[in-house]
Amino acid sequence: MVLGVIGGTGLETLPLFSAAVQENIVTPYGEVCLYKVRYGGADLFFLPRHGLTHSVPPHLINYRANIAALSKVGANQVLAFCSVGSMVESIRPGSLVLMEQFVDATWGREHTFSEVGRVGHAEMTHPYCTRLSALAREAAAANGIKLTPGGVYYCTQGPRFETPAEIKIYSALGCNVVGMTSVPETSLAKEAGLCLASIGIVGNYAAGLTAKIDSADVTVKTRAAEYKVCAIIESVITALTEERDCDCAEGGFISF
Ligand SMILES: [Zn+2]
């Protein structure tokens, strides 16, 4: 059994991976450092999407190489954690949100494996794997962790934060959290036939709902959730099966 874990801002390292061994994976899109550890009968591969020292900004992440590397090591089930801003009062900083949908406002990113001679149209009715999302929801419940369902992620280009006027628009569109990395990570996972569920850790209220966003405070808030993140990962592993009872695999058009 193989599980991929992607860590975002504030989750560049996790206690679960303290004894992990670095593996450099060569992909057609570049080399990726993964951190492998054996846990509960499964191989876990950790991928800090901003690098171990948070050196890669959201718009410069090599998303294609990351997903290709996870695919190559057989991590066809992936839990992705990301720091998000909340656009509604009821989703409070420090809490966790399970993603259900996204709206993509990124640009200029290498966003697809599709190319001349290899045309694919990822089906995005359920952008995040419903089966793996259900496992994450059950894992949170089993650990007494509140995981708010129904996250609708507005993905900005970043790296700047949003203006209050932008937040009003995104919120009016039906989105409740805002972030900079779930796209194209999620759509590339679909193209590669991977199951990906995403959990947002709310680092802050978005602009206009708070006086000022403090980047350092976002990181502190996210890091404070690491024990919850590890508990969810550990419980998901116990429920994970090799057999994937969902249609993610058949939706993919490329593997590595
Ligand atoms: Zn799936």
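Figured I'd write up the structure that's included with this text. (Residues numbered from 1 in each chain as written. Predicted model: local features only at pLDDT ≥ 70, side-chain atom pairs only at ≥ 80, totals over all residues. Heavy atoms only, no water.)

## Some thoughts on the overall build of the protein
This is how it is decided: Starting at the N terminus, helices and strands are each numbered in turn, a helix being any DSSP run of H or I of at least four residues and a strand any DSSP run of E of at least two. A 1.4 Å probe rolled over the protein chains alone gives each residue an accessible area, and that area as a share of the maximum for its type sets the label: buried under 20%, exposed over 50%, partly exposed in between. Here, two residues are considered to be in contact whenever any of their heavy atoms come within 4.5 Å of each other. In summary, the charge assignment counts Lys and Arg as positive and Asp and Glu as negative, without counting His or the chain termini. Lys charges are placed at NZ, Arg charges at CZ, Asp charges at CG and Glu charges at CD.
Broken down by element type, the protein carries seven helices and nine strands. Along the first, second and third principal axes, the C-alpha set of the protein runs to 45 × 45 × 35 Å. With 256 residues in all, the protein has 56% of them scored as buried. At a minimum sequence separation of 6, the contacts of the protein that also span at least 24 residues come to 82%. Side chains of the protein give 19 positive and 24 negative charges; the mean places of these two sets differ by 5 Å.

## Observations concerning the pattern of salt bridges
Put simply, the rule reads: Here, a salt bridge means any Lys or Arg side-chain nitrogen found within 4 Å of an Asp or Glu carboxyl oxygen.
Scanning the model with the defined rule gives eight salt bridges in all. Across the salt bridge formed by Arg-64 and Glu-110, the nearest N and O atoms sit 3.6 Å from each other. With Arg-64 in helix 1 (residues 63–72) and Glu-110 in the loop between strand 6 (96–104) and helix 2 (130–142), this residue pair connects regions lying 46 residues apart in the sequence. In this structure, Asp-217 engages Lys-221 in a salt bridge whose closest nitrogen and oxygen atoms are separated by 3.2 Å. Highlighted residues: Asp-217 and Lys-221, both in helix 5 (residues 215–224), separated by four residues, approximately one helical turn. On the basis of relative accessible area, Lys-221 is assigned to the partly exposed category, the value being 29%.

## Some words on the coordination of the zinc ion
Let me state the cut-off plainly: Any nitrogen, oxygen or sulfur atom within 2.8 Å of a metal ion counts as a donor, with the limit raised to 3.2 Å for Na, K and Ca, and since water is left out, coordination shells can look unfinished. Square planar and octahedral assignments, for four and six donors respectively, both demand that opposite donors be over 155 degrees apart and that all other angles lie between 65 and 115; tetrahedral needs four donors with all angles between 85 and 135 degrees, and anything else is irregular.
Surrounding the zinc ion are the protein donor atoms Cys-129 (SG), Cys-195 (SG), Cys-246 (SG) and Cys-248 (SG), at 2.2 to 2.3 Å. Taken together, the four donor atoms surrounding the zinc ion define angles of 93 to 117 degrees at the centre, an arrangement classified as tetrahedral. Mapping the donors of the zinc ion onto the primary sequence gives the spacing C-x65-C-x50-C-x1-C. On the criterion of sequence distance, the pair formed by Cys-195 in strand 9 (residues 195–205) and Cys-248 in helix 7 (residues 248–251) is long-range, its members being 53 residues apart. As far as the burial class goes, Cys-195 and Cys-248 line up, both buried.

## Let's talk about the environment of Ser-215
In this fold, Ser-215 is placed in helix 5. Between the C-alpha atom of Ser-215 and that of Phe-161, which follows or precedes it by 54 residues, the distance is 9.5 Å.

## Regarding the pairing of strand 7 (residues 147–155)
Defined as follows: Should DSSP find at least two bridges between two strands, the strands are taken to pair. Here the term right-handed applies to a crossover when the path leading from its first strand over the helix to its second strand runs clockwise, the strands being oriented away from the viewer.
Burial of strand 7 is extensive: seven of the nine residues sit out of reach of the surface. As paired strands, strand 7 and strand 8 (residues 177–179) are joined by three bridges and run parallel to one another. Residue pairing in the sheet places Cys-155 in a bridge with Gly-179 of strand 8. Since strand 7 and strand 8 lie parallel, the crossover through helix 3 (residues 164–172) that links them has a hand, and here it is right-handed.

## Focus on the packing of aromatic side chains
Put simply, the test is: A pair of Phe, Tyr and Trp rings is counted when the ring centres sit within 6.5 Å of each other, with Trp represented by its six-membered ring. The angle between the planes then sorts it: under 30 degrees is stacked, over 60 is edge-to-face, the rest tilted.
What the rule picks out here adds up to six aromatic pairs. Each ring, one from Tyr-29 and one from Phe-113, has its centre 5.5 Å from the other, and the planes form 45 degrees; the classification is tilted. Pair noted here: Tyr-29 is in the loop between strand 2 (21–27) and strand 3 (30–39) and Phe-113 is in the loop between strand 6 and helix 2, with a separation of 84 residues, a long-range link. For the pair formed by Tyr-29 and Phe-113, the shared burial category is buried. Their ring planes at 10 degrees and their centres at 3.5 Å tell us that Tyr-154 and Tyr-170 sit as a pair that is stacked. Separated by 16 residues along the polypeptide, Tyr-154 in strand 7 and Tyr-170 in helix 3 bring together distant segments of the chain. The class for Tyr-154 is buried, based on a relative accessible area of 9%. Among the aromatic side chains, those forming a connected cluster through ring pairs are Tyr-29, Phe-113 and Phe-256.

## A word on the pairing of strand 4 (residues 42–48)
Taken residue by residue, a regular strand's side chains alternate between the two faces of the sheet. With respect to burial, strand 4 is a largely interior element, seven of its seven residues being buried. Here strand 4 shows a buried face lined by Ala-42, Leu-44, Phe-46 and Pro-48 and a second buried face lined by Asp-43, Phe-45 and Leu-47. Note that strand 1 (residues 2–7) and strand 4 share six bridges and pair parallel. Bridging from a neighbouring strand, Gly-4 pairs with Phe-45 of strand 4.

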